[in-house]
Every structure is written in structure tokens, then in C-alpha cells.
Amino acid sequence: MAGITSYGAYVPYYRLSRAEIARAWDGYPGDGGRAVANWDEDTITMAVEAVIDCLRGFKRNTVDGLMFVTTTPAFMEKSSAAIIAKATELNNDLFAIDCGGSLRAGTSALKLALDMVKAGSQKSVVVAAADCRLAPPNSGAESDFGDGAAALMVGDKNVAVEVDGTYSYTEEFTDRWRRTDDQFVKAWEERFVNTQGYNRLLQATVSNALKAFKLKAEDVSKLVFPAHSKTPHSRATWTKACGFKPAQIQDPLFDEMGNTGCAFPLQLLVAALEDAKAGDRILLVSYSDGGDVFSLRVTDQITKIQGKRRGMRDHLASTQELANYGRYLLYRGLVSREYESMAPVPYTSLPREWRSRNSIMSLHGSKCTKCGEVQFPVERVCPKCLSKDEFEEVSLAQLPAVVGTYNLDYATPTSDPPNSMCQVDFNGGGRVQCIMADRDPNELEVGMPVEMTFRRFHEEKGIIHYYWKARPPREPKK
């Protein structure tokens, strides 16, 4: 039976409190805060993080399908999935597709992945969803939205979560939208949206699904569903109408991260699976112009995944508050920083980057097959024994590493000052000079452990260039 064989998630390091948003606009301070992607993050980099988390302990060459889902793509006409595949070192003989256009796209892609595995066209498909939506400043949605990603692997062997049934209901209803030339998500009046859209459509969707699955509400251990914000989720009339009790409802994590768009239902599912036990029945629901419903049954294989992923729990336990609302505006490009002179931008050459794509996109170094010396980037001549063309490529992206040395540059323009450059020494050999991300400059020290993270590096001539940076490991704060 086709089902979910692994899961992963990513929540950005930074978090903006709703009290700080209210302070900026003299508004009413809400509870908690929202997840905020760093200035060098986008839906591609967040999806890479989620896929890496999902594939921990799995061989990358077993994945033959990748579905990337977002409503906020970095490229409108270029495959983001291809970038994610290269950064996560998936094989080239891979079916890759980009999906979007709806907050329901994450569950839609999950259904397509299940159908592909059932049909036998693919054996192992990763569904990665990520969103980084913009709301108008001083709007309710500005506090409600959050940034994040989730990834699910679908296969038919060692299934941790069996899919007993799927049901979809579609009815056109305009409540939130964004056209191709819109910067911000737009919304209609909330009462109309909730009564005639959200509650009415989900009541029809879920009640029909329960009949199709031949289930009753009391058969469900956990009900996982999204909402635009905390209030409609807590006051969802459709859950009571369908027979569900509050104890069955999965925590929507609004106070911890906010609504993360098309990744939201999948992230909540990951959170539910982190606490699930064999035999649990989970009902996964998405919403947008109707909804998708999945009847999921947890197997004993879940124990082989639980505790071996950062998932939602560890990411949410390792966050840092943004100092102020202005920093958020800077990260999202809504304001710019004025400089006396701009730093020079590296010359763009796509042929040159293509020739070095393994080092740039996959962080490959070369290991001498004669003396074992590792160097970065890939070089033909070994600097130690001087042998030529006697090497094999090795990936450094997931290796343990420490800071060999570092400096703090307060003069070079950056959206996250000061610019922190470091030399990273890998366990087993190899050395990379790179920028530090997601760090407290006051806590940097020689010998501190770091890990590599795939980020936006710079933009020139309309081209987004990605590269690897270092960061302190995302470990729960004590």
C-alpha cells in the first residue's frame, strides 16, 4: 500500500512577536509570534532544508520523484524543483515538477504522489511545500502569516503512515487571492469569508469524506486542519457539526509560527506524527475553494522516524526573536538600507557557474585517491602530493564542521549586520570560507560547531545565485 515513508520540516530561525508588530502600528498586541525567513531565504532554500530533514537516514538515489509546491516561487519561469534536487543531491534521472496556484496545492501534490506510486510510474516521491507570503503592512494578515516548509516522502515499502482513503471537494469561492502583479495577498470581509466560505465548505467536505471513508468522528485520533488565522480555527463551527471534540484537534501552532500557506497543512501533519503512535487514525484536511481530506493510519514503522528528525518540535524550540519590526521590513524587501557606497557584486557568468555547479550547488570537494587530502572546491591537482586527476568528488554539505577562524565586518553592506565571515573546517578534511547565517555575533568563537545551509547568495542581472553558508546547529534551547 502506498503511504508516507518519511517526513521533515523547516521553520526559520527568526521570529517576530505580535507585540512588536502592534508596537510599530499602535495596535492591539496579540499572543505569540510569527516565523520570519531570513533575508537570504526563500521558498527554495526552505524546501531544501525540509527535504534534507525528510531524507535523514535514507539513500538519496532511491528517490525518483520530487514535487515542489509553493504559491510564492522565486522563479515564474524556471524549475525551482531542479534547484532543490541539485542542492539535496538527488539523481538526475528524476521526475521533477513545480506546483502551486492554491493553498491547497500541498495536499493536491500529496495525492498526485500517492497516485504515481500506486500506478508504479515512480517508486519514491518527495513532496516539498514552502511559502513566504507577504501581507499588507498594518494588516491582520501581517501577524497571521508565517514562513516555513514541510516535506513528505511517499512510497510503498516500510510505510509509516498508510493512506486508507482520499476525498476532494471543489467549489469556487473567492476569499483570499493574489494576482501575478500583486505584491500582497488580498482578502474579503472576514465574516462573509468564514460563514459562507471556510465553515460551510469544510463542513460539506469533511462530512462527505467521513461518509466516503465509512468513518465516524469518534474513530479519528487527531484532526489536522488549517485556518487563515487563530480565531476562525478556534471557532470553527464545522468541526462540532461533524462531531469532533476539542481534544481531537491538532494544535495549529499559530502562536509559534503563524499560517505558512500551502505548507501549513503538511507542517501540522508532521507535528501530529511526532506524537502519534501505531494504530492512530489521523484525518488531514486542507482548505481552498473546497478542500482535500486524507484518512491516514499510523503503523509501527513510525518509531523508526520519530526522534530522528528536527521536524516541527526541534525547529520551534530553537528560534530567535527579531529585535524590531524594521528588521522584518528589511528582510522582506519592503524597505531598503541606504549606503554611502554599494559593495561590488561578483561578475555573473552562467557558463562559469555551470562548470562549477557541483561545488556551488552541492558543496562538493575533491578527495585525493592517493593521499586522502580533501580540498574545496573540486581541483584537478592535489596540493599535498601533487597527483593530477587522481581524485573523487565528496559532498561536504552534511558533514560535521567547526569554525576555524572568523571576522566581523561592520563596513560591508548587508541586510543582517555585521557581515560574519568564517573559515569552516570539516570533520575528515576540507575547508570552506563562507558567510555565517542565523547567528548571534556575540556568541561566535573559534572551535564552535556549525552546519552548512543552502541560501541565496546574491542577485545580478535578474539572476538569483545560491550558495552554501554556515550556521550554528539548530538545537533546542535549554
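My aim in this report is to walk through the structure given alongside it, one point at a time. (Residues numbered from 1 in each chain as written. Predicted model: local features only at pLDDT ≥ 70, side-chain atom pairs only at ≥ 80, totals over all residues. Heavy atoms only, no water.)

With respect to the overall build of the protein
Phase 1 of the analysis: Each helix and strand in the protein was counted, giving 13 helices and 22 strands.
Phase 2 of the analysis: The C-alpha radius of gyration computed for the protein amounts to 23 Å, which stays within 12% of the reference 23 Å derived for 478 residues, consistent with globular compactness.
Phase 3 of the analysis: In terms of principal-axis extent, the alpha carbons of the protein reach across some 75 × 55 × 45 Å.
Phase 4 of the analysis: Counting over 478 residues, the protein shows a buried share of 54%.
Phase 5 of the analysis: Within the protein, contacts between residues separated by at least 24 positions form 71% of all contacts whose residues are at least 6 apart in sequence.
Phase 6 of the analysis: In the structure as shown, the protein presents an accessible area of about 21500 Å², 50% of it carried by carbon and sulfur atoms.
Phase 7 of the analysis: The centroid of the 58 positive side-chain charges in the protein is displaced by 4 Å from the centroid of its 61 negative side-chain charges. (Helix = DSSP H or I, 4+ residues; strand = E, 2+ residues; numbered from the N terminus. Rg over C-alpha atoms; globule rule 2.2 N^0.38 Å. Buried < 20%, exposed > 50% of the residue type's maximum accessible area, 1.4 Å probe, protein only. Contact = heavy atoms within 4.5 Å. Areas by Shrake-Rupley, 256 points an atom, 1.4 Å probe, with all protein chains shown as cover. Lys, Arg positive; Asp, Glu negative; His and termini not counted. Charge placed at Lys NZ, Arg CZ, Asp CG, Glu CD.)

Considerations on the sheet that holds strand 6 (residues 125-131)
Picture the strands of a sheet paired through backbone hydrogen bonds; they go either parallel or antiparallel.
Phase 1 of the analysis: Taking strand neighbours across the sheet as the criterion, the 9 strands line up as 5-4-6-7-1-8-13-12-11 in an open arrangement whose pairing is mixed. The open sheet terminates on both sides in strands that have one partner only, identified here as strand 5 (95-99) and strand 11 (222-224). Taken pair by pair, the neighbouring strands of this sheet meet at an average axis angle of 20°, ignoring direction.
Phase 2 of the analysis: The pairing of strand 1 (residues 3-10) with strand 8 (residues 161-170) spans 2 bridges and is classified as antiparallel. Looking across to strand 8, one finds that Gly 3 is bridged to Glu 162.
Phase 3 of the analysis: Strand contacts of helix 2 (residues 43-54): strand 1, strand 4 (65-69), strand 6 and strand 7 (148-155), with the helix running at about 130° to strand 1, the strand carrying the most contacts. (Pairing = 2+ DSSP bridges. Axes fitted to C-alpha atoms, helices over the stretch in contact; angles between N-to-C directions.)

A closer look at empty space enclosed by the protein
Phase 1 of the analysis: Under the criterion given, the structure shown has 3 cavities of 30 Å³ or more.
Phase 2 of the analysis: In this structure, the largest cavity occupies an estimated 80 Å³ of space.
Phase 3 of the analysis: Forming the boundary of the largest cavity are Leu 103, Tyr 198, Pro 226, Ala 227, His 228, Asn 259, Gly 261, Phe 264, Pro 265 and Tyr 287.
Phase 4 of the analysis: Split into classes, the residues belonging to the lining of the largest cavity amount to 7 nonpolar, 3 polar and no charged.
Phase 5 of the analysis: Space inside the second largest cavity adds up to approximately 70 Å³.
Phase 6 of the analysis: Along its surface, the second largest cavity is lined by 14 residues, and Trp 39, Thr 414, Asp 416, Ile 435 and Met 436 are the ones closest to its centre.
Phase 7 of the analysis: Residue composition of the lining of the second largest cavity, by class: 5 nonpolar, 4 polar and 5 charged. (1 Å grid on protein atoms, 1.4 Å probe; cavity = no way out; pocket = protein on both sides within 12 Å on 5 of 7 lines; lining within 4 Å. Points joined across faces, edges and corners; volume = space filled by probe spheres on them. Nonpolar A, V, L, I, M, F, W, Y, C, P; charged D, E, K, R; others polar.)

Quick word on the environment of Cys 371
Phase 1 of the analysis: One can find Cys 371 in the loop between strand 15 (364-368) and strand 16 (374-375).
Phase 2 of the analysis: Take Cys 371: its relative accessible area is 30%, and that puts it in the partly exposed class.
Phase 3 of the analysis: As for Cys 371 and Tyr 410, which are separated by 39 residues in sequence, their C-alpha atoms are 41 Å apart.
Phase 4 of the analysis: Ignoring sequence-local partners within four residues, the contact set of Cys 371 consists of Cys 382, Lys 384 and Cys 385.

Section: the packing of aromatic side chains
The relative placement of two aromatic rings is captured by the distance of their centres and the angle of their planes.
Phase 1 of the analysis: Counted under the stated rule, the structure contains 11 aromatic pairs.
Phase 2 of the analysis: Ring centres of Tyr 14 and Tyr 331 lie 5.8 Å apart, and the angle between their planes is 55°; this geometry places the pair in the tilted category. Of this pair, Tyr 14 sits in strand 2 (residues 14-17) while Tyr 331 is found in helix 11 (residues 325-331), placing the two residues 317 residues apart along the sequence.
Phase 3 of the analysis: Classification of Tyr 14 by relative accessible area gives buried; the value is 6%.
Phase 4 of the analysis: Relative to Tyr 467, the ring of Phe 457 has its centre 5.6 Å away and its plane inclined at 65°; by these criteria the two rings are edge-to-face. You can see Phe 457 sitting in strand 21 (residues 449-460) and its partner Tyr 467 sitting in strand 22 (residues 463-471), a full 10 residues away along the chain. (Phe/Tyr/Trp six-rings, centres within 6.5 Å; stacked < 30°, edge-to-face > 60°.)

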